[in-house]
Amino acid sequence: MPEQTSPSALQSHPAVPAPSTAPVNPQKDRKGLNRVWHALGYSLAGLRAGWHETAFRQEALASLVLLPASVWLGSNWVETVLLAGAVVLVMIIELLNTGIETAIDRIGPEWHDLSKRAKDMGSAAVLLSLLLCAGIWATALFQRFFTT
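Residues numbered from 1 in each chain as written. Predicted model: local features only at pLDDT ≥ 70, side-chain atom pairs only at ≥ 80, totals over all residues. Heavy atoms only, no water.

A.B. asks: Please set out the environment of alanine 39 residue by residue, giving values where relevant.
C.D. replies: Structurally, the position occupied by alanine 39 is in helix H2 (residues 32-51). In this structure the C-alpha to C-alpha distance between alanine 39 and glutamine 27, which are 12 residues apart in sequence, comes to 8.1 Å. (Helix = DSSP H or I, 4+ residues; strand = E, 2+ residues; numbered from the N terminus.)

Given below as structure tokens:
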């Protein structure tokens, strides 16, 4: 019969590190404005990381034209918000897709059917957001210039 080792004996054994009271993620213990401040820093770091992706950079640069154009094209605040929101939605979906691709790449470079599926679905989400944005903008442009 194998010898039983007590938990206290394991804690004092040099091969087993003592349990740490420090949290693995210090963000989990932050509260209030301190948590918001640090979360803002993480979000800005995510935007900086996204900027290094060609697709996100192209969409961000297009938004520099499209967001002001949404104010000009929208005939009321609802149309303006819909036009601008569609542009921002494309960038949001692109960041999520990049996050999926980065997580899959971290796992390993070898080909796997589930990794391909995850990346393909992220790409499909970007495509759908682009089609939605294009449809909203085409409809608004048509209404502005081709209807009376």
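A.B. asks: Describe the pattern of salt bridges, and please don't skip the residues or the numbers.
C.D. replies: Within this structure, the stated rule accounts for two salt bridges. Aspartate 105 is paired through a salt bridge with lysine 119; the nearest N and O atoms lie 2.6 Å apart. With aspartate 105 in helix H4 (residues 77-107) and lysine 119 in helix H5 (residues 113-146), this pair connects stretches of sequence that are 14 residues apart. For aspartate 105, a relative accessible area of 46% puts it in the partly exposed group. (Salt bridge = Lys/Arg side-chain N within 4 Å of Asp/Glu carboxyl O. Buried < 20%, exposed > 50% of the residue type's maximum accessible area, 1.4 Å probe, protein only.)

A.B. asks: Talk me through the environment of glycine 135; I want residue IDs and the actual numbers.
C.D. replies: Structurally, the position occupied by glycine 135 is in helix H5. Residue glycine 135 is classed as partly exposed on the basis of its relative accessible area of 31%.

A.B. asks: Describe a nonpolar patch on the surface, naming the residues involved and giving the relevant values.
C.D. replies: Together, Trp72, Leu141, Phe142, Phe145 and Phe146 give the surface a local cluster of nonpolar side chains, amounting to about 600 Å² of exposed area. Per-element tally for the nonpolar patch: the top contributor is H5, with four residues. For leucine 141, the location among the structural elements is in helix H5. (Patch = residues over 30% accessible without salt bridge, like charges linked within 9 Å, V, L, I, M, F, W, Y side chains within 5 Å. Areas by Shrake-Rupley, 256 points an atom, 1.4 Å probe, with all protein chains shown as cover.)

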